[in-house]
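Each chain is listed here by its residues.
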Amino acid sequence: MPGLADCLSFLRLLIARGDPKGIPLATSAIDDYLAMAPVCARRRGLRALQQDALELHVSSVGVQRSFAETVDAYIERKLKEE
């Protein structure tokens, strides 16, 4: 899927940092992925992003966990829009 690997690695980096100022960067990365992904691949890509965020959430603590929760919630909203 176009851009999915880049989006995944960028979100992982942002979650690892856990800086709340990175939330707009994370949402922008997800939106950029959606803008370039074929319509038929968007839902599957969002699910992959969400699964990765959930796995990071389980293994994280503190601000990283909170950041992963925020990313998950944003992806969930995007899934409902698709």
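This one's a predicted model, so the numbers in the text were calculated from it and none came from an experiment. (Residues numbered from 1 in each chain as written. Predicted model: local features only at pLDDT ≥ 70, side-chain atom pairs only at ≥ 80, totals over all residues. Heavy atoms only, no water.)

## A few points about the overall build of the protein chain
Argument step 1. Secondary structure summary: the protein chain contains four helices and zero strands in total.
Argument step 2. Start at the N end of the protein chain and walk to the C end: the helices and strands fall as α-α-α-α.
Argument step 3. Scaling as 2.2 N^0.38, a compact globule of 82 residues should have a C-alpha radius of gyration of about 12 Å, and the protein chain matches this with 12 Å.
Argument step 4. In terms of its C-alpha atoms, the protein chain occupies a principal-axis envelope of roughly 35 × 20 × 20 Å.
Argument step 5. Residues classed as buried in the protein chain amount to 38% of the 82 residues present.
Argument step 6. Put simply, of all contacts in the protein chain between residues at least 6 apart along the chain, 70% involve residues at least 24 apart.
Argument step 7. Entry remark: accessible area of the protein chain is about 4700 Å², with carbon and sulfur atoms responsible for 58%.
Argument step 8. For the protein chain, the separation between the mean place of its 11 positive charges and that of its 11 negative charges on side chains is 2 Å. (Helix = DSSP H or I, 4+ residues; strand = E, 2+ residues; numbered from the N terminus. Rg over C-alpha atoms; globule rule 2.2 N^0.38 Å. Buried < 20%, exposed > 50% of the residue type's maximum accessible area, 1.4 Å probe, protein only. Contact = heavy atoms within 4.5 Å. Areas by Shrake-Rupley, 256 points an atom, 1.4 Å probe, with all protein chains shown as cover. Lys, Arg positive; Asp, Glu negative; His and termini not counted. Charge placed at Lys NZ, Arg CZ, Asp CG, Glu CD.)

## Quick notes on the pattern of salt bridges
Argument step 1. Under the defined criterion, the tally for this structure stands at three salt bridges.
Argument step 2. Here R12 ties to D52 by a salt bridge, and the two come within 2.7 Å at their closest N and O atoms. Taken together, the residues span a long stretch of sequence, with R12 in helix α1 (residues 4–17) and D52 in helix α3 (residues 39–59) at a distance of 40 residues.
Argument step 3. Two residues, E81 and K78, come together in a salt bridge whose shortest N-O distance is 3.5 Å. Of this pair, E81 and K78 both sit in helix α4 (residues 62–81), separated by three residues, roughly a single helical turn.
Argument step 4. By relative accessible area, which is 58% here, E81 ends up exposed. (Salt bridge = Lys/Arg side-chain N within 4 Å of Asp/Glu carboxyl O.)

## Remarks on α4
Argument step 1. Over its 20 residues, α4 extends 29 Å from the first C-alpha to the last, a length consistent with the 28 Å expected when each residue adds 1.5 Å.
Argument step 2. Regarding α4, the residues found buried are F67, A68, V71, D72, Y74, I75, K78 and L79. Down the axis of α4, the buried set is contained in an arc of 165°. They therefore lie on one face. Turned more than 90 degrees away from the buried face of α4, the exposed residues are G62, K80 and E81.
Argument step 3. On its buried side, α4 packs onto α1, α2 (23–36) and α3. (Expected span 1.5 Å × (residues − 1). Arc of directions from axis to C-beta.)

## Notes on the nonpolar core
Inside soluble globular proteins, nonpolar side chains tend to come together where they are buried.
Argument step 1. Within the largest apolar cluster, 21 residues are counted, with the highest numbers of intra-cluster contacts made by I30, L49 and V71.
Argument step 2. Elements that contribute at least two residues to this core include exactly α1, α2, α3 and α4.
Argument step 3. Setting aside its immediate chain neighbours within four residues, V71 contacts L11, I15, A26, I30 and A53. (Core = buried A, V, L, I, M, F, W, Y, C linked by side-chain atoms within 4.5 Å.)

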